[in-house]
Amino acid sequence: MSETHESAGIAENAKNAEDKAAAKSAGSAKSAPVISVRNLWKVFGPKSHRIPGDPELKDLSAAELTKRTGCTAAVRDVSFDVQNGEVFVVMGLSGSGKSTLVRCLTRLIEPTAGTLEIDSHDVLGMDKARLRELRRKRAAMVFQNFGLLPHRTVIDNIAYGLEIQGMAKAERRAKAAEMAEKVGLAGLGQRRPVELSGGQQQRVGLARALAVDPEVLLFDEPFSALDPLIRRDMQEEVIRLHREEGRTMVFITHDLSEALRLGDRIALMRDGEIVQCGTPEEIVATPADDYVRDFVRDVPREQVISVRRAMRPADKSEANGGAELSPDTLVSDAIETMARGGENLRVVDDGRTIGVIDYACLLNVVAGLDEDGEGEPDKGKEVAAV
Ligand SMILES: Nc1ncnc2c1ncn2[C@@H]1O[C@H](COP(=O)(O)OP(=O)(O)O)[C@@H](O)[C@H]1O
Ligand SMILES: [Mg+2]
């Protein structure tokens, strides 16, 4: 896949994120988070339960912990909230604990310690029946290996969750056909999985999850096995579904460009811990440590960072006149505007000039420097309003 193709995708999502942010802030008061996780641990190994509460053991590095106890802390003291309608991405290298974390959310893996609520219901206190209901109706999972039933048709695979819920055949097939159409599988309903491409099979996986109309969709690296172009198609499908339905999603990936394209917020994991959680712009502009900085080193910064972060304070003489930008404008768009007009740009919020963009501001973003054009990459300083 070409660099431009990739980059365009990131910019496009940053725009979507702006739309979404605007739509959200225009909405009603903030509701309770859909998912709320506090101090969650999953330790594999002998006597794993003692580790989260043991002050001597809980802070050991992964390697030391394994050496001393034979245990692996796959998820360590993780806390986060996922808001209604949000796409929450969990990113990290292989082995960082992503799958364990997402499986803990519906107790496909039993957490070792911590608290976990979905829709304000205590998930760790649920009995078997309520857990089953949670997995069937509230939180549907889409897996990397598709998990389709080979002897069933596309329609009957999509209808599987509805069948388990006890929906009558005609009704569930009608619903499944509707879902097949929604994810671009119209006309393929009578095929078996083996007669489909990888991308089509994952569309079946997606439709099956959507069919039960879940509160939350959980994706564990669903597109990793797909060719880059098909993968790209599937990402757009997810973006489209999210835009049209505003469904809450937790999306696991090890791929940074996928994370930037899809995420409203990204949690970056290393050795079971969340090392940083923020918007794509925050992660790229103000990496929390060298690990994160390394991770985002090759991102085209101008396609993720907005002029609010790139601007400098305006002089009195600059407070009026000239071209205006909204604070959420991407630096890449400001570059284009400036290249056309040749003049400095005012950043205007609510009719007020809050800063100015000049050539140096734009170049600093591209070069990864701070506003003075010096030293460490930009730490996202706030600029005083005029
Ligand atoms: N059932 C298990 N028993 C022991 N260790 C496990 C088990 N499942 C995962 N792990 C370990 O937990 C860590 C995190 O694994 P995983 O959640 O699969 O990471 P990721 O999905 O980010 O690749 C790894 O070190 C892995 O080896
Ligand atoms: Mg995994």
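Residues numbered from 1 in each chain as written. Chains lettered and ligands numbered in written order. Predicted model: local features only at pLDDT ≥ 70, side-chain atom pairs only at ≥ 80, totals over all residues.

**Concerning the sheet that holds strand S8 (residues 248-253)**
The sheet built from six strands is open, its strands ordered S6-S7-S8-S3-S9-S10 with mixed pairing. Single-partner strands in this sheet number two, and they are strand S6 (139-143) and strand S10 (273-278). Strand-to-strand twist in this sheet, taken as the mean axis angle between neighbours without regard to direction, amounts to 15°. Pairing of S6 with strand S7 (residues 216-220), which is carried by five bridges, proceeds in the parallel orientation. Opposite Met141, over in S7, you have Leu218 as the bridge partner. Along the sheet face, helix H3 (residues 98-105) touches strand S3 (87-92), S6, S7, S8 and strand S9 (265-270) and points at about 155° away from the line of S8. (Pairing = 2+ DSSP bridges. Helix = DSSP H or I, 4+ residues; strand = E, 2+ residues; numbered from the N terminus. Axes fitted to C-alpha atoms, helices over the stretch in contact; angles between N-to-C directions. Contact = placed C-beta atoms within 7 Å.)

**What to know about the packing of helix H7 (residues 169-182) against helix H8 (residues 198-211)**
Following both chains from N to C, one finds H7 and H8 inclined at 130°, their axes separated by 9 Å at the closest point. On the basis of their axis angle, the class for H7 and H8 is oblique. Here H7 runs over H8; the crossing is right-handed. For the pair formed by H7 and H8, the contact residues are Lys175, Ala176, Met179, Ala180 and Lys182 on the first element and Ala207, Leu210 and Ala211 on the second. Along the lines of polarity and charge, the residues of the contact of H7 with H8 split into six nonpolar, no polar and two charged. (Parallel < 35°, antiparallel > 145°, perpendicular 65-115°, else oblique. Left-handed = near helix turned anticlockwise from the far one by under 90°. Nonpolar A, V, L, I, M, F, W, Y, C, P; charged D, E, K, R; others polar.)

**A few points about the sheet that holds strand S5 (residues 121-122)**
The strand order S2-S1-S4-S5 describes an open sheet built from four strands, whose pairing is antiparallel. Every other strand in the sheet has two partners, leaving strand S2 (72-82) and S5 as the edge strands with one partner each. When strand S1 (residues 35-44) meets strand S4 (residues 113-118), the two strands line up antiparallel, connected through five bridges. Pairing of Ser36 across the sheet is with Glu117, part of S4. Packed onto the sheet, H3 meets S1, S2 and S4 and runs at close to 60° relative to S2.

**Describing the site of ligand 1**
As a matter of local geometry, ligand 1 sits amid Phe44, Thr72, Ala74, Gly92, Ser94, Gly95, Ser96, Gly97, Lys98, Ser99 and Thr100. Residue assignment for the shell around ligand 1 shows that the elements contributing at least two residues are S2 and H3. A per-element tally of the shell around ligand 1 places H3 first, with three residues. Broken down by class, the residue content of the shell around ligand 1 amounts to two nonpolar, eight polar and one charged. (Near = placed C-beta within 6 Å.)

**Points about H3**
Among the eight residues in H3, eight count as buried, and that is most of the element. Once H3 finishes, Arg107 follows within two positions and takes phi at roughly 60°, a positive value. (Buried ≥ 20, exposed ≤ 12 C-beta atoms within 10 Å, placed from the backbone.)

**Quick word on the packing of H8 against helix H9 (residues 228-245)**
Between H8 and H9, whose axes approach to 10 Å, the crossing angle comes to 25°. It follows that H8 is roughly parallel to H9 by the angle criterion. H8 and H9 meet at a crossing whose hand is right-handed. Here Gly198, Gly199 and Gln202 of H8 come into contact with H9, specifically with Ile230, Asp233 and Met234. When grouped by side-chain class, the residues that make up the contact of H8 with H9 number two nonpolar, three polar and one charged.

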